[in-house]
Every structure is written in structure tokens, then in C-alpha cells.
Amino acid sequence: MSDIIRRDPRAEWIARNRLHPLHAAMQPALHSWMGPNGVIRKNPHGVGFIGPNGIKRIDRSGAQQGGAVKRSATAQVQLPLHQVPAPAFYISVVPDMVGGRLSSHDRDLLGLAHQLAGADGAVLAVVFGEHKESAFATAGVDRLLVLEGEEFSGYAPEQRVQGLRAVDNQFNPRHWLLPDSRSGGGELGRRFAAALGERPATRVWQVKDQECIGRAGAGLQDLARPLARLILAAAECAEPVSETRHEALPVELSTSVVRSLSRIEDLGAVAVDPAAIPMAEAEFIFSGGNGVKDWALFHQTAAALGATEGASRVAVDDGFMARDRQVGASGTWVTARVYVAVGISGAIQHLQGIGACDKVVAINLDPGCDMIKRADLSVIGESAAILQALIAAVEAYRNDGRRDAA
Amino acid sequence: MSTNVISLVSIGAHPTSGRPRRADQDARAVELGLQLAGDNLQVLHAGDVAEPALRAYLGMGLEQLHVLEQPPGADALPALTAYLRDAGAQVVLTGSQAETGEGSGMLPFLLAEGLGWPLVIGLAQVESINDGSALVLQALPRGQRRRLKVKLPFLATVDNAAPKPRQSAYGPARRGELAADDVEVVEDELLAVATLQPAKPRPKRLKVIKAKSGADRMKAATAKASGGGGQVLKGVTAQAGAEAILKLLIEEGVVR
Ligand SMILES: Cc1cc2nc3c(=O)[nH]c(=O)nc-3n(C[C@H](O)[C@H](O)[C@H](O)COP(=O)(O)OP(=O)(O)OC[C@H]3O[C@@H](n4cnc5c(N)ncnc54)[C@H](O)[C@@H]3O)c2cc1C
């Protein structure tokens, strides 16, 4: 809906014309007025409006339409801004930034950081390398420190520890919070703890009254201890920030980070067989449904893209895919970061299964189907033609020596 | 192969009964060590030599298991650091997290820091070892692998991506030798301030809907997951559509 208030001459004409059948519906709803004797009169019939099917509807939510047509654009709710002009102390958070964005685990951690920062402290997020996140402000970041440089790119845990040490020297945060995750935070936090000589609280799931509780051993026991300076927290350790907006002011290191001689050299990712990755864990799923007519082409495309294959129930029931490839309510709930749905209409049972997916791409003939509503990018067209073009494009991209990357 | 490998093992606990057993990840460290060094593998434990669960490691085909004898509650780190410094190992393998006690997973990090060795997390496979460095595969989340070149000697942790441990056989477990060493005992000061308690089940996170009106709440409860505002390419050629898809896949880093 647009903000511009437009006149509707036809509606105005109907409102003036008492003989028009729609005249009553165009009158502003007048529920009560002062009678001639000073008594408030109410018109019980004036409540509500005539809906599109000619039935009277009463909307008690307060946003009545119909009679008095309110043309208001849905106002973007502006959350109150939380400012920390002169932080008394810092709470430092090092988010994982899987795929360049804050994960839900990172957001939980920022929520925990705010719990610890209270009103005087500032939450400082330390991010390595380039990122694609645009929502630092609403996630609860007061100060943002981006450590850029090719020495931090790729797998460089030792160099990152040097970066964190520099941050520690300059800002001297009261607490360091890292996600205790397999995707980087658990490792970086432990390396940093070993370098600082601090004993971290690990797998923390609750912080309360200067005490933190974390899982111990194989998960049969909890370890309760006084709040540590370095906390490696589990997912859902606190509620994410949702009611305030934050400044996310950029800050910088005043000193340059020491270059450590790397004893571990990153030789890059190794191609793994995508079919061997369990579907529930796969990062990139290429899924086919009833709209795929040429299954050989579908398999060829998945291989060209290096994606794990998935399927809708119809494709499985028709025997084109194995049962363990079914995505959805009665199949596997997937957590892929990128999900490509080819010829899948997006039945609710299927959409439930991809609820955790980050980016959804749809290829479909029908521009009105539910998958298109869910998708971040949809291409309307015949699946076979698009798959063929996709194979050609991937091959061109690979042959091009990655010159025209993105 | 003349690689000198040491695997560090601890006592595990069965996930439901809590009974002592061989720790799963440590058994994987032994398995990987056996594949690397064969009979030359040394296995090391810091703790009680009389613990019967230690024999489960011997049952994997080891002749001997070295034990640095310590009472429960002692800090294993100084003893292990001192031992490893002079042991002349090229590769030291550990599990990534103990199944009993604190289980913070800090031990390999502190060992590496103390010894000044590089540390590889989540070792899945050692591809080759030659002149002073090793090519290894590191396990990443979601079944991915990364190839690393690391200088010898190094420490590595293994997790569930490492090869499955072989079964423990009864005969070798009986025959194997537990060799105890006496070491200096250092108390772990953490246990003075922290308390171990039975794990509390974590509450499930509630889906809180912050809606001002009943209609909004109804909408939130019944709405289908809709991204709302995705880009729709209609009436474009297949080539243009494919280019747009590929661009997104490259941006997300899933097509390399
Ligand atoms: C109890 C229950 C549990 C269920 N569980 C699951 C489940 O776990 N997983 C699941 O997937 N389903 C499940 N279903 C089934 C679900 O309701 C749908 O029937 C199913 O998901 C539809 O599959 P589809 O999208 O592939 O097929 P369709 O609904 O037939 O959709 C085909 C789509 O392809 C498009 N198309 C057709 N031709 C082309 C072409 N040439 N090029 C491009 N696009 C084309 C069409 O426009 C359409 O959108 C369940 C159903 C029930 C009742």
C-alpha cells in the first residue's frame, strides 16, 4: 500500500447519491451522536460494514474498513533507540556469521550480552572479514568492530586470536561471549581462552545472578559456577533482542594486529560427495517435485551444482526419488542454507519441512503458487529449459576461471 | 610407516546409564592412531590405573596403555604437558570433549598452548605426512571437509567425523598391559568454586508473539510461512533466469 492519499471520485459520487444502491456503505460510520435533547444516541445498525459478499461484517480489532475507508499505509514500526553514549564497560560478542549473516545462535548471544550490559554497558560485536548483515542495529549491536584484511579470511584461527587479543587490550571488555558452536565460535573461543590463560565457562545455557550454568561431561550433568569472564554459550541461552534498536556505531582498533606466523595453512575446501551428506544437515539442497518432467536432467543439474538432492512427496510417491529424499512434514525437516525448489507447488506439508531454510529459490510455471510466496527468488518458466540453461551457466562460470564471479 | 603417534584417552560415561565405558571420541582417536601408526601407537591416560573401563581400549588391539597415575579431581594438564614434551611424538590425538567431569573441551587447547604446537580441530583424516608437515582433512559442520597443511609436531582433536572405532575384543583387553607412571599431583582449583549437579532439562523456547490486538495474534498463529517480497522473474528467457539463480548461489557461496 502506498502512502499517497488518493481521491476516489466514484466513491464520493456514490456517497452523494442517496439513490445509489451502495450509498449506505459509503457513509462514514457514525455510531453515536448528540440528540436534540442533549442525550447521546447510538445507532446499533451503524456498526460494521457490508463486506464484499453483501454480508454485514463487524471488525472489532479497531481497524474498521468499509464505511469510513481509511487509507493508511502500514506504518513501519520504529522501535525505540537504545543509546549508550559513554559506555561504562563493554560486553564483547564474537558472532559466528555463518554465510556472512548473524545466525539465530548469534542473536541469542547478543540478547545475553544485553542482559549482562544493562543500561550502562555497550555491546561490542567483533566481526571478521566481509559480511552481508544489514540488521546489526535491530539484533542489539551498540558498537561494531569489523576486522578486515586478507589475513583474517579463510581459516585463520591463530590470526583471529591475535585480533581478539588486540581488542582485549584496547577495550578490556568485562565479558567475552562466543557461541559454543561447531561453526567456528567454539574453536575460536577456546583458542582465545588458552591464549589469555582464562578458564572459560563452556556450553552455558543459563546466566542468572552472577552465576552461569553449563552442561558438563556427556550432558548428564550441569556445572554451576560464578560468572566467568569468557563465556561460550549454547544456542537459546537467552532471548534475542527484539524490542529496541541499537546504534551499531563502527569503532576501530587503534593499533594494528600482530601478524602471527601461521603454522596451519588453509588449502581450501575439498569436494565431498553431496549425496553422502545426510539431508537434514546438507547446506545446499536441490529439490524436485511434480513439475520436473526430465529426471535425468534434474540429476545432471544437481551434480553440476554440487547440491544434495531432495524431492517432494509426489516425486517420491511416483517413484522418481528414494523415500529418504523426501522433504517435508512426513519426510525430513531440512536446515539447508539454500534450497532450490524445482516444480514444487509449496503445499503446507512441504513448506513446514523447509521452515529453517535461509534462502529459497523457486522454479515454477505457476506464478501464483505458495512456493513463490515463500521464495526469495523465483523464476517463472518451464523447468527443463531453465535447468538446461543453469547447467550451461554453471559450466561457463567454472570454465571462465571464475573471472566474472558474481 | 615410522610416524610417532600418541592418542590420549579418558574414561567415558554411557549416555543413559552413566556407567563407565571407553569414551567414544577417544576411541576414535585410538582408531585413527592405529590407522596411522599401527603397532607403534602409544596410548596415554592420566588418572586411575585400576579403572576397568581402560581395558576396553586395550581390547582394540593395543599391547600397552600408559597411565600417569593421579587421584580423581587432579588436574591432568601439567602431567600430560610434561610427558608429551619429552615423548617425541609427531602427532597427538585427543577426543574433543570428555564425557565425564567438566567436559569443557579445553584440554587440547591448553596442551597445545603449553607445548607451543599447532592444533587442528575436528581431524577427519590424515592424508600424508612428509618432511616436517602433514596434509590433513578437517571436518566442518554439514558434512563438509577442508584440507589443511600443518607443521609437525601437532595436536589434533577428533570428533564424530573421524573413522568409527573398531570393536573392543575381550581377549586382548585381558592380555594388554596397563603401565603406571607416578607423577606430581596438582589439584584442579575449579572444583572448589563450581558444583556439579544432575542436568536439568532445558525449557523449550516458547514462541512469543508480540501482538497488540487479537486479530494480529490470530494472523500470527495462522499465517503461512511467507517470505513476502521475494524477487519474481516473470517473462524472462531461461538463460536470464538461470543467470539470476546462479548469481544468488554464488553470492551465498554454495556454488564454487
Ligand atoms: C499427511 C500428509 C503429509 C504430507 N507430507 C508431505 C511431505 O512431507 N512432503 C511433501 O513434499 N509433501 C507432503 N504431502 C503432500 C503435499 O500435500 C503435496 O501434495 C505435495 O507436496 C505436492 O508436491 P509437488 O509440489 O511436487 O506437486 P504439485 O502440487 O503437483 O506441484 C507441481 C508444481 O510444479 C509446477 N510445474 C508443473 N509443470 C512444470 C514445468 N514443466 N516447469 C516448472 N514447473 C512446473 C506446477 O505449477 C506446480 O506448482 C503430504 C500430504 C499429506 C496429506
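Residues numbered from 1 in each chain as written. Chains lettered and ligands numbered in written order. Predicted model: local features only at pLDDT ≥ 70, side-chain atom pairs only at ≥ 80, totals over all residues. Heavy atoms only, no water.

Naming follows an unreviewed UniProt entry, where chain B appears as Electron transfer flavoprotein subunit beta of Pseudomonas khorasanensis. UniProt lists a comment for chain B under the heading Sequence similarities (unreviewed entry), and it reads "Belongs to the ETF beta-subunit/FixA family." (UniProt positions renumbered as here; feature names shortened; annotations may be inferred.)

Going by an unreviewed UniProt entry, chain A carries the name Electron transfer flavoprotein subunit alpha/FixB family protein and comes from Pseudomonas khorasanensis.

Attention now goes to the pairing of strand β8 (residues 143–147) of chain A. Residue and element names in this part refer to chain A. In terms of burial, β8 is a largely internal element, four of the five residues being buried. As paired elements, strand β7 (residues 122–128) and β8 share five bridges and run parallel to each other. Counted as the bridge partner of valine 126 is leucine 145 from β8. Relative to strand β15 (residues 249–251), β8 runs parallel, the two being bridged by three bridges. (Buried < 20%, exposed > 50% of the residue type's maximum accessible area, 1.4 Å probe, protein only. Helix = DSSP H or I, 4+ residues; strand = E, 2+ residues; numbered from the N terminus. Pairing = 2+ DSSP bridges.)

Right, let's talk about the side chain of A:Arg203 for a bit. Of note, A:Arg203 is situated in strand β10 (residues 201–208). Despite its burial, A:Arg203 pairs with no opposite charge, the nearest such side chain being A:Asp180 at 5.5 Å. A polar contact of 2.8 Å, which involves the side chain of A:Arg203, links it to the backbone oxygen of B:Gly103. (Lys, Arg positive; Asp, Glu negative; His and termini not counted. Salt bridge = Lys/Arg side-chain N within 4 Å of Asp/Glu carboxyl O. Polar contact = N/O pair within 3.5 Å; in protein donor to acceptor, adjacent residues only side chain to side chain.)

What follows deals with the packing of aromatic side chains. Residues and elements named next belong to chain A. As enumerated under the stated definition, the model contains six aromatic pairs over all chains in all. Measuring from centroid to centroid gives 5.1 Å for tyrosine 90 and phenylalanine 171, while their planes differ by 85°, and the two rings are edge-to-face. Of this pair, tyrosine 90 sits in strand β6 (residues 90–93) while phenylalanine 171 sits in helix α5 (residues 157–171), and the two are 81 residues apart along the sequence. By relative accessible area, which is 11% here, phenylalanine 171 ends up buried. Connected via pairs of aromatic rings, a cluster forms that spans Phe286, Trp295, Phe298 and Phe320. Here arginine 174 stacks its cationic end above the ring of phenylalanine 89, 3.6 Å away from the centre of that ring. (Phe/Tyr/Trp six-rings, centres within 6.5 Å; stacked < 30°, edge-to-face > 60°. Lys NZ or Arg CZ within 6 Å of the ring centre and 35° of its normal.)

Right, let's talk about the UniProt feature "domain: Electron transfer flavoprotein alpha/beta-subunit N-terminal" (unreviewed entry) in chain A for a bit. Residues annotated in UniProt with the feature "domain: Electron transfer flavoprotein alpha/beta-subunit N-terminal" (unreviewed entry) correspond here to residues 91–266 of chain A. Helix makes up 26% of residues 91–266 of chain A and strand 30%. Its end C-alpha atoms lie 31 Å apart.

Right, let's get into the nonpolar core. Counting 86 residues, the largest nonpolar core has A:Val126 and B:Tyr57 as its most contacted members. Broken down by element, this core gets its largest block of residues, seven residues, from helix α1 (residues 24–37) of chain B. Other than its neighbours up to four places away in sequence, B:Tyr57 contacts B:Val9, B:Ser10, B:Arg22, B:Ala23, B:Asp26, B:Ala27, B:Val30, B:Leu62 and B:Leu65. Counting residues in hydrophobic clusters, the runner-up holds 38 residues, among them A:Trp295, A:Ala311, A:Ala315 and A:Ile391. (Core = buried A, V, L, I, M, F, W, Y, C linked by side-chain atoms within 4.5 Å. Contact = heavy atoms within 4.5 Å.)

Residue and element names in this part refer to chain A. The element strand β17 (residues 284–288) is largely enclosed, with a buried count of five among its five residues. Side-chain alternation along β17 places Phe284, Phe286 and Gly288 on one buried face and Ile285 and Ser287 on a second face that is also buried. Pairing of β17 with strand β19 (residues 338–342) involves five bridges; the strand directions are parallel. Bridge pairing in β19 places isoleucine 285 opposite tyrosine 339. As paired strands, β17 and strand β18 (residues 308–311) are joined by four bridges and run parallel to one another. Along β18, the bridge assignment pairs isoleucine 285 with threonine 308.

Residue and element names in this part refer to chain A. Around the ligand sit 25 residues in total, of which Ser312, Ser330, Ser345, His350 and Asn364 are the nearest. The separation between an oxygen atom of the ligand and a polar main-chain atom of asparagine 290 is 2.8 Å. Between the ligand and glycine 331 there is a distance of 3.4 Å, counted from an oxygen atom to a backbone nitrogen or oxygen. If the ligand stood free it would expose 980 Å²; the protein chains cover 73% of that surface. Mapped by element, the contributors of at least two residues to the shell around the ligand are α8 (313–317) and α9 (348–353). Grouping the constituent residues of the shell around the ligand by class yields six nonpolar, 15 polar and four charged. (Near = heavy atom within 4 Å. Areas by Shrake-Rupley, 256 points an atom, 1.4 Å probe, with all protein chains shown as cover. Nonpolar A, V, L, I, M, F, W, Y, C, P; charged D, E, K, R; others polar.)

Turning our eyes to something else, we now look at the domain arrangement of chain B. Assigned domains within chain B: domain 1 (5–193) and domain 2 (214–251). Inter-centroid distance (C-alpha atoms) of domain 1 of chain B to domain 2 of chain B is 48 Å. (Domains from an automatic or database assignment.)

Here the focus is the environment of B:Gly61. Counting through the fold element by element, B:Gly61 comes out in the loop between α2 (55–58) and β5 (64–69). On a C-alpha basis, the gap between B:Gly61 and B:Glu31 in space is 9.9 Å, while along the polypeptide they are 30 residues apart.

Okay, the sheet that holds strand β9 (residues 175–179) of chain A next. Across the sheet, 10 strands lie side by side as β15(A)-β8(A)-β7(A)-β6(A)-β9(A)-β13(A)-β10(A)-β11(A)-β12(A)-β13(B); this open sheet has mixed pairing. Strand pairing shows two members of the sheet lacking a second neighbour, β15 of chain A together with β13 (195–198) of chain B, which therefore form its edges. Sheet twist, expressed as the mean angle between neighbouring strand axes with direction ignored, is 35°. With respect to the sheet, helix α3 (residues 104–117) of chain A is in contact with β6, β7, β9, β10 and β13 (230–233) of chain A, its orientation differing from that of β9(A) by roughly 160°. Contacting β6, β7, β8, β9 and β15 of chain A, α5(A) runs over the sheet at an angle of about 155° to β7(A). (Axes fitted to C-alpha atoms, helices over the stretch in contact; angles between N-to-C directions.)

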